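Inside the fold
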Amino acid sequence: MSVRIDGEKSGEVPERTAPPRGALGRPGGAPRGTRRVLHGPRPEAVPAWVARACTLVGVLDIAAGVFPRFRHSRMHTLAEVLPGALGPFAAALSLSTGVLLLLLAHGLRRRKRRAWRAAVGLLPAGALAQFTYRHSLVGVIISLALLVPLLRHRDEFTALPDPRSRWRALANFVLMGAGSLVLGLVVVSAHPHRMIGDPSLADRIEHVLYGLFGLEGPLDYAGTTSWTVAFSLGALGLLTAVTTIYLAFRPEHPAARLTEDDEARLRALLDKHGGRDSLGHFALRRDKAVVFSPSGKAAVTYRVVSGVMLASGDPIGDVEAWPGAIERFMDEATAHSWTPAVMGCSETGGEVWTRETGLDALELGDEAVVEVADFSLAGRAMRNVRQMVKRIERAGYETRVRRIRDLGEGELDRIRRAAEDWRGTDTERGFSMALGRIGDPADGDCLIATAHKADGDPGPYGDLKAVLHFVPWGVDGVSLDLMRRDRSADPGMNELLIVAALQAAPRLGIARVSLNFAMFRAALARGEKIGAGPVLRVWRGLLVFLSRWFQIESLYKFNAKFRPSWEPRFVVYRTSRDLPRIGLAALQAEGFVSLALPRVLRRRPKAPRPCAHTRAEHGVRAA
């Protein structure tokens, strides 16, 4: 791995020089067609080709083991020389081999070392079965021929395992069990002319369930078909059991967490350079990992979600050292074959990311930033906010804006419990613009605004009615973290507290306040103006429709009330085909989509254990 030595100079982003190219625009100037003919596919393309081959072989093996007519079709000529065989025992072997190859295809595409090892072990086993059971020399040759690209390009399959837990064993049991049941129904129904009687669907399901456990079911067939069906069902049941047992008893590899040392180093970087990015303090979320530049003067924090290595905001620290941290980030993504992506970086951050990595950037939305010196409730534009605030104040509400360090532990505990109770969702939402905690002793500079109203019958949280939490943005700014309110309180609590925070900002030495992030704000703003084109109007209509679930339009209109300046934010990605996957990962990270087990099945979380990748192994420190 190449190591970038960061310069000592600050303030400028270094330029990247393009590598020398040959006369034809490619390194060395060699014609592309000639090189491919002589040397075959590019090594980096081999995993994708091998994955496609495994998928095709797996599908053909399953079809050869399940459908009798397939064995007598023209495709049988191809299927009979692939891993697996035909006959009572060989049909089961063909079926199980096909399922395993399908399961391995995704790992091979992602260059996983363990998937490569499994495929290298599986293909000779299939060749041995071909020779011992069917005496097929052609089958042996074809099976072993599939090993050639795997062994020749073994250096392409070096990706390390993903973070995992034993709960995947339960997920595997459910999914493999359901798949085995469906495929088993196909197996028992694929021999209608040899089936004795006319069994019902319930009888077929019962036969499959018995067969998965290696027992004899109520169905019967003529000839050797009964053995074929029994062996096939037994193979499916054995696969489900073996894979589940393996996942249950393999060593647990917990998700990465920030260590105390990493958090201390990040706080030191934020003390010096925290004013560059309003999202900088959110890097201190303790469910993120971190990679540092070689000099330690810059860092990138991230979380791995569904195989996507998701960073948020700009790198932390000296901008001159950003390329070193970005290089370490990309090395870690390559080591695990994760899809790299960055959510919500600034324009400067996007330029550095795209320049240093060759990735692409797409505008995601805008961040609302209010300059305290320019804010005023006077004027026609602020009439609605002004009237709402005055109405709430006349209803008896009062506000308090303080630093976290100025609150007592009793009041902090009450605020924490209220914020948790008022959340309104089963999971905590937020990733790129959420800290995930309130009142930590290390976060004494955080700002908290609360609304209070004395009632005749005080609730469990006394007179507390709403809470806004801000995190530091350098020495003279804050960034909005969360907004929570009692559902029984009057509407307008958030507007009241934002105005209170803006009015108290000069007293607290705050010059700028970052509010919510408005996704696709430009499209919403331009799409409602006169002269907007049909494509823009359709796009805006889709965003308005999606706002029923994701609050896209409502957040934009809420932010616009305070007359902010809009700072564009970008998503950085590798290829366009990665965008759906990155979008799903971002929705999972932000808490809008949850693939976790139901609450009743979840075990209580243990204290997080750090997972560190040593520098000697990867050249990357991840917590």
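Here's what I pulled together on the structure shown here. (Residues numbered from 1 in each chain as written. Predicted model: local features only at pLDDT ≥ 70, side-chain atom pairs only at ≥ 80, totals over all residues. Heavy atoms only, no water.)

Side note on the overall build of the protein chain
Just so we agree on the cut-off: What counts as a helix is a DSSP run of H or I of at least four residues, what counts as a strand is a run of E of at least two, and both are numbered from the N terminus. Working definition: with a 1.4 Å probe on protein chains only, accessible area under 20% of the residue-type maximum means buried, over 50% means exposed, and in between means partly exposed. Contact definition: two residues touch when any of their heavy atoms are within 4.5 Å. To be clear on the numbers: accessible area is Shrake-Rupley with a 1.4 Å probe, and residue cover counts the displayed protein chains and nothing else.
When you go through the protein chain residue by residue, the secondary structure sums to 22 helices and 12 strands. Across the 623 residues in the protein chain, those meeting the buried criterion constitute 49%. Across the protein chain, the fraction of contacts at a sequence separation of at least 24, relative to all contacts at a separation of at least 6, is 74%. When the accessible surface of the protein chain is split by element, carbon and sulfur atoms take 58% of a total near 31,100 Å².

Looking at the packing of aromatic side chains
The following threshold applies: Two aromatic rings from Phe, Tyr or Trp, using only the six-membered ring of Trp, form a pair when their centres are within 6.5 Å; if the ring planes differ by under 30 degrees the pair is stacked, by over 60 it is edge-to-face, and anything between is tilted. As a reminder, the over-ring test applies to NZ of lysine and CZ of arginine, requiring each to be within 6 Å of the ring centre and within 35 degrees of the ring normal.
Per the stated rule, a full pass over the model turns up 6 aromatic pairs. Taking 5.8 Å as the distance between ring centres and 85° as the angle between the ring planes, the aromatic pair formed by Trp-422 and Tyr-461 counts as edge-to-face. Placement of Trp-422 in the loop between helix H16 (409-421) and strand E8 (447-452) and of Tyr-461 in the loop between E8 and strand E9 (464-472) is noted, with a sequence separation of 39 residues between them. In terms of burial, Trp-422 and Tyr-461 fall into one category: buried. In this structure an aromatic cluster arises from ring pairing among Tyr-302, Phe-329 and Trp-353. Directly above the ring of Trp-49 sits Arg-52, whose terminal nitrogen or CZ lies 5.0 Å from the centroid. Above the face of the Trp-473 ring, Arg-512 is positioned so that its terminal group lies 3.9 Å from the ring centre.

Side note on unusual backbone geometry
Residues apart from glycine generally show negative phi values, whereas peptide bonds are mostly found in trans. One non-glycine residue, Ser-337, adopts positive backbone phi at about 55°. Structurally, Ser-337 can be placed in the loop between helix H13 (322-336) and strand E5 (339-345). One non-glycine residue, Phe-520, lies in positive phi territory at about 55°. Tracing the sequence through the fold places Phe-520 in the loop between strand E11 (512-519) and helix H18 (521-527). A relative accessible area of 24% places Phe-520 in the partly exposed class.

Some points on the pattern of salt bridges
Rule in force here: The term salt bridge refers to a pairing of a side-chain nitrogen on Lys or Arg with a carboxyl oxygen on Asp or Glu at a separation within 4 Å.
Within this structure, the stated rule accounts for 23 salt bridges. A salt bridge links Glu-263 to Arg-267, with the shortest nitrogen-to-oxygen separation between them at 3.0 Å. With a gap of 4 residues between them, Glu-263 and Arg-267 both fall in helix H12 (residues 260-273), about one helical turn apart. Residue Glu-263 is classed as buried on the basis of its relative accessible area of 9%.

Some thoughts on the environment of Ile-205
Looking at the element boundaries, Ile-205 is found in helix H10 (residues 201-212). Looking at Ile-205, the relative accessible area reads 28%, which means it is partly exposed. In the structure, Ile-205 is positioned 12 residues away from Gly-217 in sequence and 9.4 Å away in space, judged by C-alpha atoms. Once residues within four sequence positions are removed from consideration, Ile-205 is found in contact with Leu-181 and Leu-185.

Regarding the pairing of strand E2 (residues 298-305)
Selection criterion: For two strands to count as paired, DSSP must find a minimum of two bridges between them.
Across the 8 residues that make up E2, a large majority, 7, are buried. Looking at chain direction, strand E1 (residues 289-292) and E2 are connected through 4 bridges and run antiparallel. In the strand pairing of E2, Phe-292 is matched with Ala-299. Linking E1 back to E2 in an antiparallel pair, the connection comprises 5 residues, with Gly-296 at a positive phi of about 75°. Sheet topology note: the E2/strand E4 (residues 316-317) ladder contains 2 bridges and is antiparallel. Each bridged residue has a counterpart across the sheet, and for Ala-299 the counterpart in E4 is Ile-316.

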